[in-house]
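Listed below, chain by chain, are the residues.
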Amino acid sequence: MQINPIISKDLKIKMRGWKAPVLLTVYMVFLGLVVFLNFFGSRIFSPYDYYQFNPAVALNSYNSLATLQLLLLMFITPALTGGIISGERERQTLDLLLCTNLPTSSIITGKIVVATAHVLLLITASLPVMGTVFLYGGIRITDLLLLFAFYLATALMLGSMGAFYSSIFKKSSVSMILSYITLMVFLVGTSIAYTMWSSFSSRYTGKPPDIAQAMYFMFANPSYGFSSLVEGGNQGIGIPFVGNIFSFGMYGPYGGMPYGSGSGMVTTAIKPWMVNMAFDIIISAIFITLASIRIKPIKRLWRRRRSGIKISLLHAVNHLEKTVGSSR
Amino acid sequence: MVIIEELVKKYGKFRAVDGLSMEIEKGHIYGFVGPNGAGKTTTMKIIAGLLKPTSGRVVVNGVDIADDPRGVKKKIGYMPDFFGVYDDLKVTEYMDFYAGVYGMDRRESVKIAGELLELVDLTEKKDSYVDSLSRGMKQRLCLARSLIHNPELLVLDEPASGLDPRARVEMKEILKELKDMGKTILISSHILPELSEMCTSIGIIERGRMIVSGTVEEIMKKVSHKRAIRIKVLGELDPAVRFLQEQPYIGSISAGNDHINADFDGNGETMAQLLKGMVTAGIPVMSFSETEGNLESIFMHLTGGVNDNAN
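Residues numbered from 1 in each chain as written. Chains lettered and ligands numbered in written order. Predicted model: local features only at pLDDT ≥ 70, side-chain atom pairs only at ≥ 80, totals over all residues.

Re the overall build of chain A
The cut-off we apply is this: Put simply, DSSP H or I for four residues or longer makes a helix, DSSP E for two residues or longer makes a strand, and each gets a number counted from the N terminus. In this scheme the burial state of a residue depends on its C-beta neighbours within 10 Å: 20 or more other such atoms mean buried, 12 or fewer mean exposed, and anything in between means partly exposed; the C-beta positions come from the backbone. We call two residues in contact if the C-beta atoms placed from their backbones are at most 7 Å apart.
Scanning chain A for helices and strands turns up 13 helices and zero strands. Each helix and strand of chain A, placed in order from N terminus to C terminus, yields the pattern α-α-α-α-α-α-α-α-α-α-α-α-α. Counting across all 328 residues of chain A, residues that qualify as buried make up 38%. A separation threshold of at least 6 residues defines the contact pool for chain A, and within that pool the share at least 24 residues apart is 76%.

Some thoughts on the overall build of chain B
Broken down by element type, chain B carries 11 helices and 14 strands. Per-residue burial for chain B yields a buried fraction of 42% across its 311 residues. A sequence separation of at least 24 residues applies to 70% of the contacts in chain B between residues at least 6 apart.

Some remarks on the domain arrangement of chain B
Cut-off, in case you're wondering: What fixes the domain bounds is an automatic or database domain assignment.
With domains assigned, chain B is organised as domain 1 (2-215) and domain 2 (223-303). Between the C-alpha centres of domain 1 of chain B and domain 2 of chain B the distance comes to 36 Å.

Quick look at the confidence of the model for chain A
All names here are of chain A. Defined as follows: For every residue, the predictor assigns a confidence score, pLDDT, that lies between 0 and 100.
With 73% of its residues at a pLDDT of 70 or more, chain A has an overall mean of 77. At the low end of the mean pLDDT range in chain A sits helix α11 (residues 240-247), at 40; at the high end sits helix α12 (residues 272-295), at 92. This model gives residues 232-266 a pLDDT under 50, and the stretch forms 91 contacts once residues within four places in sequence are excluded.

Brief notes about the sheet that holds strand β2 (residues 14-24) of chain B
Residue and element names in this part refer to chain B. We apply this condition: Criterion used throughout: strands pair if DSSP finds at least two bridges between them. Only C-alpha atoms enter the line fits that serve as axes; for helices the fit covers just the stretch in contact. Angles between N-to-C directions range over 0 to 180 degrees.
Pairing is antiparallel across the open sheet formed by four strands, whose spatial order is β2-β1-β4-β5. Looking along the sheet, the strands with just one partner apiece sit at the ends: β2 and β5 (63-64). Inspection of the sheet shows strand β4 (residues 55-60) paired to β5 by two bridges, in the antiparallel sense. Along β5, the bridge assignment pairs Val59 with Asp64. Of the strands in this sheet, β1 (2-11), β2 and β4 touch helix α1 (residues 40-47), which is tilted by about 120° from β1.

Re the nonpolar core
Our working definition: Only buried Ala, Val, Leu, Ile, Met, Phe, Trp, Tyr and Cys residues enter a nonpolar core, and they are joined through C-beta atoms within 7 Å.
Counting residues in each nonpolar core, the largest one holds 126 residues, and the members touching the most others are Ala163 of chain A together with Met95, Ala144, Val155 and Leu186 of chain B. It is helix α7 (residues 141-168) of chain A that contributes the most residues to this core, 12 residues altogether. One finds Val233, Ala262, Leu274 and Ile283 of chain B within the second-largest nonpolar core, a separate group that totals 15 residues.

Section: the sheet that holds strand β8 (residues 184-188) of chain B
All names here are of chain B. Pairing is mixed across the open sheet formed by six strands, whose spatial order is β6-β7-β8-β3-β9-β10. Edge positions in the sheet fall to β6 (76-79) and β10 (209-215), since each has one partner strand and no second. Strand-to-strand twist across the sheet, computed as the mean angle between neighbouring axes with direction ignored, equals 15°. Pairing geometry for strand β3 (residues 29-33) and strand β9 (residues 201-206), over four bridges, is parallel. The residue of β9 that forms the bridge with Gly31 is Ile202. Along the sheet, helix α5 (residues 135-146) makes contact with β6 and β7 (153-157), crossing β6 at roughly 160°.

Here we look at the interface of chain A and chain B
In plain terms, the rule: Just so you know the grouping, Ala, Val, Leu, Ile, Met, Phe, Trp, Tyr, Cys and Pro go in nonpolar, Asp, Glu, Lys and Arg go in charged, and all remaining residues, Gly too, go in polar.
Opposite the 21 residues of chain A that make contact, chain B presents 24 residues. For the side of chain A that touches chain B, the secondary-structure elements that each account for two or more residues are α1 (5-15), α5 (94-98) and α13 (300-327) of chain A. The biggest single contributor to the side of chain A that touches chain B is α1 of chain A, with five residues. Partitioning the side of chain A that touches chain B into residue classes produces eight nonpolar, six polar and seven charged.

Focus on the pairing of β6 of chain B
In summary, the side chains of a regular strand alternate between the two faces of the sheet. Residue and element names in this part refer to chain B. Burial along β6 is two-sided: the face carrying Ile76 and Tyr78 and the face carrying Gly77 and Met79 are both buried. Where β6 lies against β7, four bridges are found, and the strand directions are parallel. Paired with Ile76 across the bridge in β7 is Leu153.

A few points about unusual backbone geometry
For residues other than glycine, phi is negative in most cases, and the peptide bonds are mostly trans. All names here are of chain B. Here Asn61, not a glycine, exhibits a phi torsion of approximately 55°, which is positive. You can see Asn61 is positioned in the loop between β4 and β5. With 15 C-beta atoms counted inside 10 Å, the residue Asn61 sits in the partly exposed group.

Here we look at the packing of α1 of chain A against helix α6 (residues 104-130) of chain A
All names here are of chain A. Where we set the bar: Roughly parallel covers angles under 35 degrees, roughly antiparallel covers those over 145, roughly perpendicular covers 65 to 115, and oblique covers all other angles. Crossing handedness is defined as follows: a turn of the near helix away from the far one that is anticlockwise and smaller than a right angle gives a left-handed crossing, while the clockwise case is right-handed.
Relative orientation of the contacting elements α1 and α6 amounts to 30°, with a least axis distance of 9 Å. With respect to α6, the axis of α1 lies roughly parallel. Viewed along their axes, α1 and α6 form a crossing whose handedness is right-handed. Here α1 contributes Ile6, Ile7, Asp10, Leu11 and Lys14 to the contact with α6, which in turn contributes Ile107, Gly110, Lys111, Val113, Val114, Ala117 and His118. Of the residues in the contact of α1 with α6, the class split is seven nonpolar, two polar and three charged.

Observations concerning the environment of Gln92 of chain A
Among the structural elements, Gln92 of chain A can be located in the loop between α4 (86-90) and α5. With 188 residues separating them in the primary sequence, Gln92 of chain A and Asp280 of chain A have C-alpha atoms 31 Å apart. With residues near it in sequence (within four places) discarded, Gln92 of chain A still touches Phe82, Phe83 and Gly84 of chain B.

Considering α6 of chain A
The condition that has to hold: What a helix should span is 1.5 Å times the count of its residues minus one. The bend reported for a residue corresponds to the angle between axes fitted to the seven residues ending at that residue and the seven starting there.
The end-to-end C-alpha separation of α6 of chain A is 38 Å, in line with the 39 Å expected for 27 residues at 1.5 Å each. Approximately 40° is the largest bend angle found in α6 of chain A, and it occurs at Ala117 of chain A.

So, the environment of Ser55 of chain B
All names here are of chain B. Residue position: Ser55 is located in strand β4. Residues Ser55 and Glu206, spaced 151 residues apart in sequence, show a C-alpha to C-alpha distance of 19 Å. Setting aside chain neighbours within four positions, we find Ser55 in contact with Glu6 and Val8.

A look at the pairing of strand β12 (residues 250-255) of chain B
All names here are of chain B. Inspection of the sheet shows β12 paired to strand β13 (residues 259-264) by four bridges, in the antiparallel sense. Residue pairing in the sheet places Ile250 in a bridge with Phe264 of β13. Between β12 and the antiparallel strand that follows it, β13, lie three residues.

Put into C-alpha cells, the structure is as follows:
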C-alpha cells in the first residue's frame, strides 16, 4: 500500500530544518518543568512530612498536563488547518493537484493528517512525561491510551472542520476565524444552553437537574468527554483544577465535576467520552465528505443525476405532447 | 484525439466560452490563439478537468470527460499559465511527489524523473530547491511535471509567458522534441510567429467563439488575398499609425517596438501613393516594404484592431 503522497511530501517539508526539533525540545522541557514544579511545589507546601509521598500530586501533574495538551490541541489545530485548501489556492498549487487523478478525499485527508501531525507529535512525545504518574500508581496504561485516542478524535474533528471552511472560503484567515467560532459554540455555547435548560427545568419541576441529560446538550463539547475521561482515569479522586476549567458552572456532587466517575456517566455503559468521540468521528466524516465534494471540479454523481432528471422530464414532456396530440 | 462540441462556460451572465467547437488530431500541435480574455484559459481548464462546462462536451480519446474525469486526467498533462511551487522542496522531491500522486512506485519515478529532467535540461539542478529556480527553470520543471505520467495529450497554457528570449527558444526546442515523441499538444500563446513555426494546426478564438480553425496552410490560404506591409519610422509610431488609420486601403494595423505591420488591400500604384502620402505628411519613414502574410497579420485581420504587443 502506498502512503498518501501529500502526507509524505508535506511531512518532509515540515520536519526539514531546525524549527521542528527546536519546538519539540522546548515543549518537552516546558512539560518536564511543569511536572517538576508540581512535585517540588507540593513537597514545599505539603502539610505532611517532607519524605512522605502524597499520590494525589502525581495525579495532579497528570491532569494538569492532560488539560494543557487539550488546550494546545484546541487552540493550535484550527490555526494549522484553516489554510489547508485556501493556502494551496493562495500559493497557486491547488490546480496542479486537482488536474491529477488523485481523489479529492485523499487531498483533504492528507492535508488534515499533515496539519494535525505537528500537534499530535508534541502530544505523542509528551506521553513518557505523562507516564511519570505510573511510578506512583493511580493511572493505568489504558487510561493514557484512551486519553491519546480522545486527542486523536478531537484533532480529527478540528482538522476536518478547518478543511471544510478552507474549502469554502478563499482566505485562510476567514476559515480560521470560523473554525474558532464553531469551537467556541461547541465549548461555551453548549455549556450555556445546558446551564439555562437545567436551571429552567429545576425551577419548574422543583427537582435537581438530571446530570445524565447533559449528553443531549454537550455531545459536541470536547470538555464534556475530556472531563469524564480524566477523572474517570484517576478513579474518582478528583482534581478540581480540571473540573473547574471545563465545568462552566455546572457543579456536580463531587466538587465541581458533574461528569466524574459515577456522577457523570450517562448510563453505566455509555460514558461522556464515548458520546463525544462518536460525535467527533461522525462530524469529521461529514466535514471531509463535504470538503472533498466542494473542491472536486466535476461532480459526476450530481451531473448524472441532473441529466437523469432532465431526461426523465423530457420523456414526460414528450409523453404529454403525444397524449395531447392523440386526444385532439 | 480531442473533440470539443458546442462548449459553453457562463459566469453569471458573462459567457467566457460561447459555443466553441474544435478538433485536435492525434500527434498534432494545436496553437490556440486569441486576445486576453478570449476564453483560452477557460477552455484549457475545462479540457484539463478543472472546470465544469455549463454545457457542451469534451471528448478525449473517445471518452467524455464528464463521464470519467479521473480516467481522462490520466491521459492529460496540464501546465497552467500561473502556478506556484512548494517551498523547501528539492527538484527531485517535487518530481517524486507528482509521480506518487499518479500512483507510480519509487523506482519507476526515479527513472522517469531523471529522464524528464534531462529532457528539460534541469539535471544539474536536481538537488536544488524548487523555489530557488529562475522563472524559466520553473516553467521547464512544470513541463517535466506535466509529463511524469506519460500523458498522450499536453495542455500548455502560455508556457512561454514571462520568459526571456533565450528561455523561449529553449522551451520551443523542448516542444519540438515532444512533438517528435508523438505527443498531441494544445498550446496557447501570444507569440504568434513562434506558434506558426511549430504548430501544425491553429485555432483563433475571440470572445469565447472560434473564429477560424485549421492547419496553418489552410488559414494562410483563406486570407492570402490580402497584402501586408511593414513600415519602419524614426521616433514615435503614433503619428504614423494615425495617418495609416485614415487611409482607405489599410486594414488592421499592429504596432511593434519600432515598426508597424498593416494589411493592405490595394495595388502597386496605391501602395506607392501611400508611401508618398506618408513622406508628404512629414512622417520620417525609414523603410517601407511588402511582407508575406504571417500568422500575426492573419490574427490581426481576423480579430481586428491595433495590437500593441506585436513583435
